[in-house]
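Structural overview
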Amino acid sequence: QQQVKQSPQSLIVQKGGISIINCAYENTAFDYFPWYQQFPGKGPALLIAIRPDVSEKKEGRFTISFNKSAKQFSLHIMDSQPGDSATYFCAAFWGSQGNLIFGKGTKLSVKP
Amino acid sequence: DAGVTQSPTHLIKTRGQQVTLRCSPKSGHDTVSWYQQALGQGPQFIFQYYEEEERQRGNFPDRFSGHQFPNYSSELNVNALLLGDSALYLCASSYGRNQPQHFGDGTRLSIL
């Protein structure tokens, strides 16, 4: 019930294309859903986040879509660039517990 | 504005030894959480410190302990090191227990 399932494990997209990463959760107590971007040798960097009372949030080329009834959320990267090549992690946060539960990550490669 | 800083960046130890990792939170943050990230996996929550006390703990044995100092910096101690403790150890800080967490670049711990 505490798991966050993320897919796909890896993704190859052409420059200018749309990258889509999906996540699903079980625990309805989660109240905050961030996405982190991690480059090799670096820590995860907070990219964008959403709360369950909102169905979509957009920041630049990055959009989170959230489906509360299906307990699913996804990250869309529009106009993907080679510089977006990194590992992306979805996560779920339960405010009363204070810790993040991470998915297993998606390695994105954007080909020029 | 300094972000989360961790030291050392790399560390090599042998089985049975003890190790101490250090973390300085982002300016203005008072809560520190520690995560373990095995190769190719998402970070896993170890514990969280707030007001110099351990507030929440993940599924890690007592060999893992920590401390938070009055200036909000923190230490992670691991005793009786095992080969399986080899991982990237990440520190994250936030302002309050249920606010967005910002990560440092981690300490890469290798056990021989």
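Higher on the page you've got the structure.
Before going into details, it helps to say that this report is about the structure given with it. (Residues numbered from 1 in each chain as written. Chains lettered and ligands numbered in written order. Predicted model: local features only at pLDDT ≥ 70, side-chain atom pairs only at ≥ 80, totals over all residues. Heavy atoms only, no water.)

**Things to note about the pattern of salt bridges**
According to the stated counting rule, one finds eight salt bridges over all chains in the structure shown. With its nearest N and O atoms 2.8 Å apart, the salt bridge here joins R61 of chain A to D84 of chain A. A residue pair is termed long-range when its members are at least 10 positions apart, and R61 of chain A in the loop between β6 (56-59) and β7 (62-67) and D84 of chain A in the loop between β8 (72-77) and β9 (86-93) qualify at 23 residues. Residue classification places R61 of chain A among the partly exposed positions, given a relative accessible area of 28%. Across the pair R57 of chain B and E54 of chain B runs a salt bridge whose closest N-O atoms are separated by 3.1 Å. With a relative accessible area of 27%, R57 of chain B lands in the partly exposed category. (Salt bridge = Lys/Arg side-chain N within 4 Å of Asp/Glu carboxyl O. Helix = DSSP H or I, 4+ residues; strand = E, 2+ residues; numbered from the N terminus. Buried < 20%, exposed > 50% of the residue type's maximum accessible area, 1.4 Å probe, protein only.)

**Concerning the sheet that holds strand β7 (residues 64-68) of chain B**
Residue and element names in this part refer to chain B. Pairing within the open sheet is antiparallel, and its four strands lie in the order β1-β3-β8-β7. Only two strands of the sheet have a single partner each, and these edge strands are β1 (5-7) and β7. Neighbour-to-neighbour, the strand axes of the sheet open up by a mean angle of 20 degrees, direction not taken into account. (Pairing = 2+ DSSP bridges. Axes fitted to C-alpha atoms, helices over the stretch in contact; angles between N-to-C directions.)

**Here we look at the interface of chain B and chain A**
With 21 residues of chain B in contact, the opposing surface of chain A contributes 19 residues. Carbon and sulfur atoms supply 52% of the area that chain B and chain A bury against each other, a total of about 1500 Å² over both sides. Considering only the side of chain B, the residues that lose the most area to chain A are P43, F103 and D105 of chain B, jointly responsible for 27% of the buried surface there. Inspection of the chain B/chain A interface yields one salt bridge. (Contact = heavy atoms within 4.5 Å. Buried area = accessible area lost by both parts, 1.4 Å probe.)

**Description of the pairing of β9 of chain A**
All names here are of chain A. Burial analysis of β9 places seven of its eight residues in the buried class, the great majority of the element. As judged from the three bridges shared by β9 and strand β11 (residues 106-111), these two strands associate in the antiparallel manner. Residue pairing in the sheet places Y88 in a bridge with T106 of β11. Across three bridges, the pairing between β9 and strand β10 (residues 100-102) is antiparallel. Bridging from a neighbouring strand, F93 pairs with L100 of β10.

**Quick notes on the environment of R15 of chain B**
All names here are of chain B. Relative to the helices and strands, R15 is located in the loop between β2 (10-13) and β3 (19-24). The class for R15 is exposed, based on a relative accessible area of 57%. A sequence separation of 66 residues divides R15 from L81, and the C-alpha atoms of the two residues are 5.0 Å apart. Setting aside anything within four residues of it in sequence, one finds R15 in contact with L81, L82, L83, I111 and L112.

**Describing the pairing of strand β4 (residues 33-38) of chain A**
Residue and element names in this part refer to chain A. Counted residue by residue, β4 has six buried out of six residues, so it is predominantly covered. The alternating pattern of β4 places F33, W35 and Q37 and P34, Y36 and Q38 on opposite faces, both of which are buried. Across five bridges, the pairing between β4 and strand β5 (residues 45-50) is antiparallel. The residue bridging F33 from the neighbouring strand is I50, located in β5. What sits between the antiparallel neighbours β4 and β5 is a turn of six residues, in which G41 has the positive phi angle 80 degrees. Both β4 and β9 contribute to a ladder of four bridges, which runs antiparallel. Note that in β9 the partner of W35 across the bridge is C90.

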